[in-house]
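Below are the chains, spelled out letter by letter.
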Amino acid sequence: MFRIAILILSAALVSAAASADTGFHPLTLSEPPTRPLEVVVWYPTEQTGPSEEVGGNIAFVGTPVHRDAVPASGRHPVLLLSHGYGGNWRNLNWLAQAMVGQGYIVAAVDHPGTTTRNKQPAQAQALWSRPQDMVRMLDALIASPLLADRIDETRIAAAGHSLGGWTVMSLAGGQFSTARFITDCRQHSALGGCKLTRTLGIDRPEAAERFAASQHDARIKAVISLDLGLARGFTPQSLAGINVPVLIMSAGADSDDVPAALESGYLTENLPAGLTRSVSVTGATHFSFMQLCKPGAAALIEAEAPGEGVVCRDGGDISRATIHQRLVAETGAFLNQALHYQAPRGDTPLGSSR
């Protein structure tokens, strides 16, 4: 029944519309001082007029926002975002902008040790801290003087790309076993996650003890995995016990690093069928879930960092903008159904910005 409802809503949302501009608020969480967090929040606002672009640079497209604008009235559902290994909060800005248009407050965090600007080994090897980063971010939102009375605490979801997908599955109740992961990597050594075993400290004795504690946060009512990695370390028993709706979206043009059959497919096989929707996104590579690239960005990045231009390459003849349109439709339909939420309708096409 859940799958049927999602399909109906997905079709309906193709013609849905946004009704608000986007407010933007950055904040730093300084406690504990050993792991400060940089957080940004996008939210609906009724403020109009000139906007500024955030999250863009010479290679990537940003989003137009009104910094520190007054939030739109009413209470809004929340979507928490987690980036992949080596990424940052900007990577899912396109999704944040689109979901604000549907009435959501969206927050993203830079995970210390695994983000673009901070790859300190000691922090990268505290992989178990990633879900905790998300919990700290949610706590800060709920306590925020700007947004506290605008948050609907009964409608909170989380989405993540790549290692971010792993992060949100942990919040949903996935129990990661270092022993299981290391054993599985002996058979699947080509997986990108397996190549990061030492970098992420998964082989350290401390990690097994840390991961023995559940990272589940019952406030999270739905999760979305965007072409995740490290999935095979989750125990089948813990995945079978997850009791919130899960949307799994994988790259149709996948890679040896993150093959859909072994990573996203593993989730699909072990999660409760009645709560799970799986989508293979035609034309998407692993990096198609990141922000839009500007013309010539692939060559520019390649010249600066050989081999990295791949982040701007998609599969087949489908543009990243078109891929994002499908991702937004699937995400909106899934979340609105899972959170029992009716998105507002207006005169701005879904996924666009004023």
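Residues numbered from 1 in each chain as written. Predicted model: local features only at pLDDT ≥ 70, side-chain atom pairs only at ≥ 80, totals over all residues. Heavy atoms only, no water.

Visitor: Sorry if this is basic, but what is going on with the overall build of the chain here?
Guide: Broken down by element type, the chain carries 12 helices and 12 strands. The buried share of the chain, taken over its 354 residues, is 57%. Excluding contacts between residues fewer than 6 apart, the proportion of contacts in the chain whose partners are at least 24 apart in sequence is 79%. Of the side chains in the chain, 27 bear a positive and 31 a negative charge, and the two mean positions are spaced by 3 Å. (Helix = DSSP H or I, 4+ residues; strand = E, 2+ residues; numbered from the N terminus. Buried < 20%, exposed > 50% of the residue type's maximum accessible area, 1.4 Å probe, protein only. Contact = heavy atoms within 4.5 Å. Lys, Arg positive; Asp, Glu negative; His and termini not counted. Charge placed at Lys NZ, Arg CZ, Asp CG, Glu CD.)

Visitor: What should I look at first to understand the pairing of strand E10 (residues 246-251) in this one?
Guide: Sheet faces and side chains relate simply in a regular strand, where the side chains alternate between the two faces. Buried residues dominate E10, accounting for six of its six residues. Of the two faces of E10, the one holding Val246, Ile248 and Ser250 and the one holding Leu247, Met249 and Ala251 are both buried throughout. Note that the unit made of E10, helix H10 (residues 264-270) and strand E11 (residues 276-281) has a crossover that is right-handed. (Right-handed = clockwise from strand over helix to strand, strands pointing away.)

Visitor: Just to check I follow, could you spell out unusual backbone geometry for this structure?
Guide: Excluding glycine, most residues fall at negative phi; most peptide bonds, likewise, are trans. For the bond from Glu31 to Pro32, the omega torsion is 0°, close enough to zero to count as cis. Summarising the element assignment, Pro32 is placed in the loop between strand E2 (21-29) and strand E3 (37-45). The phi angle at His340 is positive, at roughly 55°, despite the residue not being glycine. Of note, His340 is situated in the loop between helix H12 (320-338) and strand E12 (348-349). Judged by its relative accessible area of 63%, His340 is exposed.

Visitor: Explain the layout of surface pockets to me, please; I cannot follow it from the model alone.
Guide: If a probe as big as a water molecule is rolled over the atoms, it shows which places are left empty. A volume near 1200 Å³ is recorded for the largest pocket. Tyr85, Gly86, Phe287, Glu308 and Val311 are, among the 40 residues lining the largest pocket, the residues nearest its centre. Listed by contribution, the elements that provide at least two residues to the lining of the largest pocket are helix H7 (192-195) and helix H11 (297-304). Class assignment of the residues belonging to the lining of the largest pocket gives a composition of 15 nonpolar, 17 polar and eight charged. (1 Å grid on protein atoms, 1.4 Å probe; cavity = no way out; pocket = protein on both sides within 12 Å on 5 of 7 lines; lining within 4 Å. Points joined across faces, edges and corners; volume = space filled by probe spheres on them. Nonpolar A, V, L, I, M, F, W, Y, C, P; charged D, E, K, R; others polar.)

Visitor: Quick question: what am I supposed to make of H12 here?
Guide: Along an α-helix, residues three or four positions apart point the same way, because every turn accommodates 3.6 residues. Over its 19 residues, H12 extends 26 Å from the first C-alpha to the last, a length consistent with the 27 Å expected when each residue adds 1.5 Å. Counted residue by residue, H12 has 14 buried out of 19 residues, so it is predominantly covered. (Expected span 1.5 Å × (residues − 1).)

Visitor: Help me out: how do you make sense of the sheet that holds strand E7 (residues 105-110) in this one?
Guide: Hydrogen bonds between backbone atoms are what pair the strands of a sheet, whose relative direction is either parallel or antiparallel. Strand order in this open sheet of 10 strands is E4-E5-E2-E3-E7-E6-E8-E9-E10-E11, and the pairing throughout is mixed. Strands with a single pairing partner mark the edges of an open sheet, and in this sheet they are strand E4 (52-54) and E11. Pairs of neighbouring strands in the sheet enclose a mean axial angle of 30°, with direction left out of account. With five bridges joining them, strand E8 (residues 151-161) and strand E9 (residues 222-226) adopt parallel strand pairing. Paired with His161 across the two strands is Leu226, which belongs to E9. Here helix H5 (residues 163-172) sits on the sheet and contacts strand E6 (76-82), E8, E9 and E10; the angle it forms with E8, its principal contact strand, is near 140°. (Pairing = 2+ DSSP bridges. Axes fitted to C-alpha atoms, helices over the stretch in contact; angles between N-to-C directions.)

Visitor: Help me understand the pairing of E7, please; the structure alone is not making it clear to me.
Guide: Burial analysis of E7 places six of its six residues in the buried class, which makes it a mostly covered element. Here E7 shows no split at all, with Ile105, Ala107 and Val109 on one side and Val106, Ala108 and Asp110 on the other all buried. As judged from the five bridges shared by E3 and E7, these two strands associate in the antiparallel manner. Within E7, the position partnered with Val40 by the bridge is Ala108. Here E6 pairs with E7 via five bridges, running parallel. Bridging from a neighbouring strand, Leu81 pairs with Ala108 of E7. Between the parallel elements E6 and E7, the chain passes through helix H2 (residues 93-101) in a crossover that is right-handed.

As far as function goes, none of this settles anything; it's purely spatial.
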